[in-house]
Each structure stands twice: as structure tokens, then as C-alpha cells.
Amino acid sequence: MEKQRLQKVLAAMGLGSRRKIENWIAEGAVRVNGQTATLGDQAGPGDIIEMGDRRIQVPDVRPVRRVLIYHKPEGQITANHDPQGRPTVAENLPPIREGRWITVGRLDFNTSGLLLVTNDGELANRLMHPSYGIERTYAVRVFGGLSDEQQKQLLEGVELEDGPASFKRLADAGGQGQNHWYHVTLHEGRNREVRRMIEAVNGAVSRLIRISYAGVTLPPRLRPGKVQELEPDIQAALAELVGLKAETRQKTLGRHDARRAHKPFKAGQSVRDSKRAQPRRGGGGKSAGPVGHSLKRETTIKPATSRRKGGGAANRRRGTSR
């Protein structure tokens, strides 16, 4: 690992965004080898960096980049600690020796679904930065559904307290009774944005699940509160999507935790329909082979097909109205 700009080194270690670190340096809050750092300073292997009560030694080798999919349940805070003592996402993540886990964006307390987690601060920052236009797709259940006029408003744009917002795509995903599901896609992640947009057209959100981020989809067999290592080819495509080089080294979770996703999650799909779509055990049905992973910001990517025969019924709880 060669010497690099100080803010880049610290961002890669997951200690903050480059802009935030630059502000700390400008304020004189960062020291390198005992000397107060200034903008433009560099750091390399063996250098000691101090930030407040933190003292960090720059490693000789960059940690192996790892990316996890975490299925966040409702009732958890996307944080390492919560002053109110509520459960946090960090409590369910596996131990890590190299670096620390960084969540890519946040999901609020009452929102569940896909959360990408990585130990690469630069990757996390780029995936969250508005300039890259990374897509987020949600399954949202609306009490009473949305009229054609409401859907048109949401696609054309509504005015929120922090500026205009619109969905890039909005698709009907079915439902039963008074509850109706929609799949909505947008390019930013403002606080409670989906909920606030639907409330702006007098809709009422009864459930919200993130099902895709940057083309990576929520595995239907990944239970809430569990993690899954992202496959190397998808990790590589994810890095290339935001202008980073693919990781050439590999380090994964244990065998039992590294289960593969085999098809995208669909809210509103009934268990009966999902069973019909699957080949019979021992039958002549053909299963889909692995797809290419050249991620695009506007494309939903399906991870490789599971090797288990016959598949299984879709999770009864996900996206099925009761």
C-alpha cells in the first residue's frame, strides 16, 4: 500500500466520507505521526493517525474488500449503537478482523429489506453519493391503493420539505383486500423519502421493504436478521459500477452462511404462484443458469441460480398481503 492523500486513506478505512474528513483536517482535528495534518498531506503504511481519542496505524496491506447482504427486519436501528437501547443492525453482523463494517445507506426503524454492508469505505461512499445515480427499489404496501392520478403525480414529481422528488419507475405488484403493493424506484436516499412522497399524494404506507440496491436484489431465502456474502463476480461488477477496480483476493463467510440468491424478490406474489413457477423435483424442467454481472444503474441484476434442486416455496411473509 503506497502513500495516498490522508482523506482517501481514512475514507477507505471507513472513518467517514472524504468531505467530512477534509473538514476535520481543516479544523486541525487530525494528527499524523504527532504532527497536526493539513489538507494535501499524505499517509502510508506504518503511519500513526490520531483523530480525537482514536489512534490508528495505517496497515501495510489494504484489507480484502468484502460486501454482505443483510436482511434488516423492522424494529432495528441502522447504527452501531443506540442511546435508547434499541436493537441495532451491528448486533447481527459477523465479526471482522480487517477494518470495520460500514452500512451502505440507512433503513429507518420501521423499514425492512436489503442493506448492503462492506468494509471498504470508498465503495460505500460512492454507492451512497448522489452523483453516481444509484438506483434503490422498494416494495411498498399502500392502504387502499393509489389512483391513476396519484401514480401520475408521483412519477412527475411532488414537493417535499427538502425539495422536489419523483419516482423513476412505479409498477403495480398486486395485493389483496384493502392493501395493494407497488414497486417503486428512485435515485436517491433521503430520509423517509418513499413514505413522505406517498403521504404527499394522500396515500398511507402500511409496509415498506427495500428489495434492490444498485442492481443487487434481496434473496428470497435470506431470513430477516441474517447475512449473506455477495458473490465475487457481483462484488466486482458493483465496484466497477462506481469506478473502482475489482477485488482480486477473496475472503468469505463460513460455508453455511454463504448461501446464494437465486431469483429476485417480488412483493405481492402468492406462495401458490411461486410454487407453480418452480421446476418439479427430479423433473425435466430447466433451471436458469447464472446471468452475467455487468451491473448498470438502471438494471436489476439477478445473482447466480441456486444449486439446490427444486427450489422451495417463497417466504410466506414477504410481500404477501394477509
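Each chain has its residues counted from 1, running along the sequence as written. A pLDDT threshold of at least 70 governs which residues receive local features in this predicted model, and a stricter bar of 80 or more applies before side-chain atom pairs are shown or counted, although totals over entire chains, interfaces and linings include all residues. Based on all heavy atoms of the structure, the side-chain values leave hydrogens and waters out of the count.

Remarks on the overall build of the protein
Move 1: Here a helix means four or more residues in a row that DSSP labels H or I, a strand means two or more in a row labelled E, and each is numbered from the N terminus. From N to C terminus, the protein includes seven helices and 17 strands.
Move 2: Buried residues are those whose accessible area, probed at 1.4 Å on protein chains only, stays under 20% of the maximum for their type, while exposed residues exceed 50% and partly exposed ones sit between those limits. The proportion of buried residues among the 322 residues of the protein is 47%.
Move 3: Intrachain contacts of the protein at a sequence separation of at least 6 include 68% that bridge at least 24 residues.
Move 4: In this description, accessible areas are obtained by the Shrake-Rupley approach with a 1.4 Å probe, and a residue is regarded as covered only by the protein chains that are shown. Of the roughly 17,200 Å² of accessible surface on the protein, 45% is carried by carbon and sulfur atoms. Contacts are assigned to residue pairs with any non-hydrogen atoms lying within 4.5 Å of each other.

Quick notes on the layout of surface pockets
Move 1: Considering only enclosed or pocket space, the largest pocket measures out at about 1,100 Å³ in volume.
Move 2: Method remark: on a 1 Å grid restricted to protein atoms, a set of points is classed as a cavity if a 1.4 Å probe fits but cannot get out and as a pocket if it is open with protein on both sides within 12 Å along at least five of seven lines; lining residues have an atom within 4 Å of a point. Along the walls of the largest pocket sit 44 residues, with Thr78, Thr103, Gly105, Arg106 and Met128 positioned nearest its centre.
Move 3: Elements with a minimum of two residues in the lining of the largest pocket: helix H2 (18–26), strand S8 (102–103), helix H3 (121–128), strand S10 (136–143), helix H5 (193–200) and strand S15 (205–213).
Move 4: Under the grouping applied here, Gly and all other residues not named as nonpolar or charged are polar, the nonpolar ones being Ala, Val, Leu, Ile, Met, Phe, Trp, Tyr, Cys and Pro and the charged ones Asp, Glu, Lys and Arg. Split by residue class, the lining of the largest pocket holds 19 nonpolar, 13 polar and 12 charged. Grid points are joined across faces, edges and corners, and a volume is the space filled by probe spheres set on the points.

Description of the pairing of strand S5 (residues 48–51)
Move 1: In terms of strand pairing, strand S2 (residues 30–32) meets S5 through three bridges, oriented antiparallel. Following the sheet pairing, Arg31 is matched in S5 by Glu50.
Move 2: Strand pairing is assigned whenever DSSP detects at least two bridges linking the two strands. From the end of S5 to the start of strand S6 (residues 54–57), which pair antiparallel, there are two residues, and Gly52 there has a positive phi angle of about 60 degrees.

A few points about the packing of aromatic side chains
Move 1: A pair of Phe, Tyr and Trp rings is counted when the ring centres sit within 6.5 Å of each other, with Trp represented by its six-membered ring. The angle between the planes then sorts it: under 30 degrees is stacked, over 60 is edge-to-face, the rest tilted. Evaluated as defined, the whole model comprises zero aromatic pairs.
Move 2: Geometrically, a charge over a ring is one whose NZ (Lys) or CZ (Arg) sits within 6 Å of the ring centre while staying within 35 degrees of the ring normal. Stacked on the ring of Phe109, the Lys or Arg Arg86 has its end atom at 5.4 Å from the ring centre.

Observations regarding the sheet that holds S2
Move 1: The four strands lie next to each other as S3-S2-S5-S6, forming an open sheet whose pairing is antiparallel. With partners counted over all chains shown, the strands left at the sheet margins are strand S3 (35–36) and S6, one partner each.
Move 2: Here S5 pairs with S6 via four bridges, running antiparallel. Looking at the pairing, Ile49 lines up with Ile56 of S6.

What to know about helix H4 (residues 148–156)
Move 1: All of the buried residues along H4 are Gln150, Gln151 and Leu154. Axial view of H4: buried residues confined to an arc of 100 degrees, hence all on one face. Exposed residues pointing more than 90 degrees away from the buried face of H4 are listed as Asp148 and Glu156.
Move 2: As for H4, its buried residues are in contact with strand S11 (158–160), strand S13 (169–176), strand S14 (179–186) and H5. Comment: arc refers to directions from the helix axis out to C-beta atoms.

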